[in-house]
Amino acid sequence: MAIEIPSIAELLKKGTAAFEEKFHSAPELAGVAPGRVNLIGEHTDYNEGFVFPMALPMVTIVLGRKTDENKCRILTTNERADNPSYVEFHLPTDSEPLKPGKPNWANYIKGIVQYFDGPRVSFNAIVISSVPLGSGLSSSAALEVSMYTFLEGLVGHKTDTKQKALLCQKAEHVFALVPCGIMDQLISIHGEEFCATLIDCRIMDIVNVTIPASTCVFLIVNSNVHHELASSEYSVRRQTCEEVAKKLKRKSLRDVTLAELNKLNSSDVIDDKMYRRARHVITENERTSQAVKALKSKSIEEFGHLMNESHNSLSKDYEVSCEELDFLVKTAREVHGVYGSRMTGGGFGGCTVTLVEKSSVNDVIKRINDSYKKQADFFIVVPSAGARVIPLTS
């Protein structure tokens, strides 16, 4: 069975109860931000390419109230976050900025407080989330954006959305030490119901594309594995892409054609591994553009075919899949009614996303449950709204 995703109202109720128990007062507002699933366009964002994600009904919420005590106090209710679950830290100043440390989850909070471009304010807050950690559904960006949105609500200051995304990305780069692209923050801010979002990561241009009403749904399958290679190999892939672009005297692989890459490869300037890494990025950009066209023309079959090609490239050329993800994709594709299936997110574990007829969803779930050696989690998802402030007191 697919897991029922808790509503925002349910999360707010639980978060409010936890806040009142911890701080003996009522929260005044909440910042809400969704996770995301990327439908196609993987590992292209940090190459200034194209991505095509949609915001999820799974969200992270930061709720609380401002104080006048010059301290930030925050508790996470997520049992999978590293300990301790409660932290306090001072408001940053020019002479005493915040620094990353332990626990790791609090570094995302500290980074946002440090780089917030509005007036600095102390607060008491609770974090509650339905975005699974380490699943490739962007729990980190959901935390960053919900925290930033919470601060906007507290001080009545609204940042330009592109600047907001860049500041959230900076927090992750500097405080969490993850050299992520800009996709996750942008979709968490700009998500729209009934739409997937084409993002040009070079100029942060955003185009919402309506997902046509059909008999199909997107099924997310969480492999519940997370290999330690993820963070280190992410950095290696990024460095390799930058090196190939540099050899071609281009700003990024966004500007490189497959013909140019093939010519470089034939001159033995790059090795086979570098060639395959760059080939994935170049062909993935093209697949993403074709997928948007397919969706606009309501060609579900073509969209699914491109999803399949994307996974094959991620697995064979970019080598960021793993045995478990490949198994889940292969098993899903064997079920009648499945149009396409691929890994989503950074890789080495996490989730797959499958485009499937509604009438075949349970068949996919049963097939995987009967044959997968680990425990998989299943979520049926629809495109959802992006970040917003929710007042909690009148």
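None of these values were measured; they are calculated from a predicted model.

This next bit is on empty space enclosed by the protein. Counted by the stated rule, this structure contains one cavity of 30 Å³ or more. Each pocket or cavity is described by its volume, and for the largest cavity that value is around 40 Å³. Every residue along the wall of the largest cavity is listed here: Leu-91, Val-113, Phe-116, Pro-119, Arg-120, Val-121 and Leu-151. Of the residues contributing to the lining of the largest cavity, the split by class is six nonpolar, no polar and one charged.

Our next topic: the pairing of strand β9 (residues 338-344). For β9, a buried count of six out of seven residues is recorded, marking the element as mostly surrounded by other parts of the structure. The pairing of β9 with strand β10 (residues 349-357) spans six bridges and is classified as antiparallel. Residue pairing in the sheet places Arg-342 in a bridge with Val-353 of β10. The hairpin formed by β9 and β10 contains four residues between the paired strands, and Gly-345 there has a positive phi angle of roughly 95°.

Taking the UniProt record as the reference, the feature "domain: GHMP kinase C-terminal" (unreviewed entry) is found at residues 291-373. Span residues 291-373 is 54% helix and 19% strand, its end C-alpha atoms 32 Å apart.

This part is about the UniProt feature "domain: Galactokinase N-terminal" (unreviewed entry) in the protein chain. Per the UniProt annotation, the sites labelled "domain: Galactokinase N-terminal" (unreviewed entry) are residues 18-66. End-to-end, the C-alpha atoms of residues 18-66 are 17 Å apart, and along that stretch the chain is 12% helix and 59% strand.

The subject of this paragraph is the sheet that holds β10. Backbone hydrogen bonds are what pair the strands of a sheet, in a parallel or an antiparallel way. Taking strand neighbours across the sheet as the criterion, the four strands line up as β9-β10-β8-β11 in an open arrangement whose pairing is antiparallel. Among the strands making up the open sheet, the edge pair consists of β9 and β11 (377-381). Taken over all neighbouring pairs, the strand axes of this sheet differ in orientation by 20° on average, direction set aside. As judged from the eight bridges shared by strand β8 (residues 216-226) and β10, these two strands associate in the antiparallel manner.

Definitions and limits used
- Residues numbered from 1 in each chain as written.
- Predicted model: local features only at pLDDT ≥ 70, side-chain atom pairs only at ≥ 80, totals over all residues.
- Heavy atoms only, no water.
- 1 Å grid on protein atoms, 1.4 Å probe; cavity = no way out; pocket = protein on both sides within 12 Å on 5 of 7 lines; lining within 4 Å.
- Points joined across faces, edges and corners; volume = space filled by probe spheres on them.
- Nonpolar A, V, L, I, M, F, W, Y, C, P; charged D, E, K, R; others polar.
- Buried < 20%, exposed > 50% of the residue type's maximum accessible area, 1.4 Å probe, protein only.
- Helix = DSSP H or I, 4+ residues; strand = E, 2+ residues; numbered from the N terminus.
- Pairing = 2+ DSSP bridges.
- UniProt positions renumbered as here; feature names shortened; annotations may be inferred.
- Axes fitted to C-alpha atoms, helices over the stretch in contact; angles between N-to-C directions.

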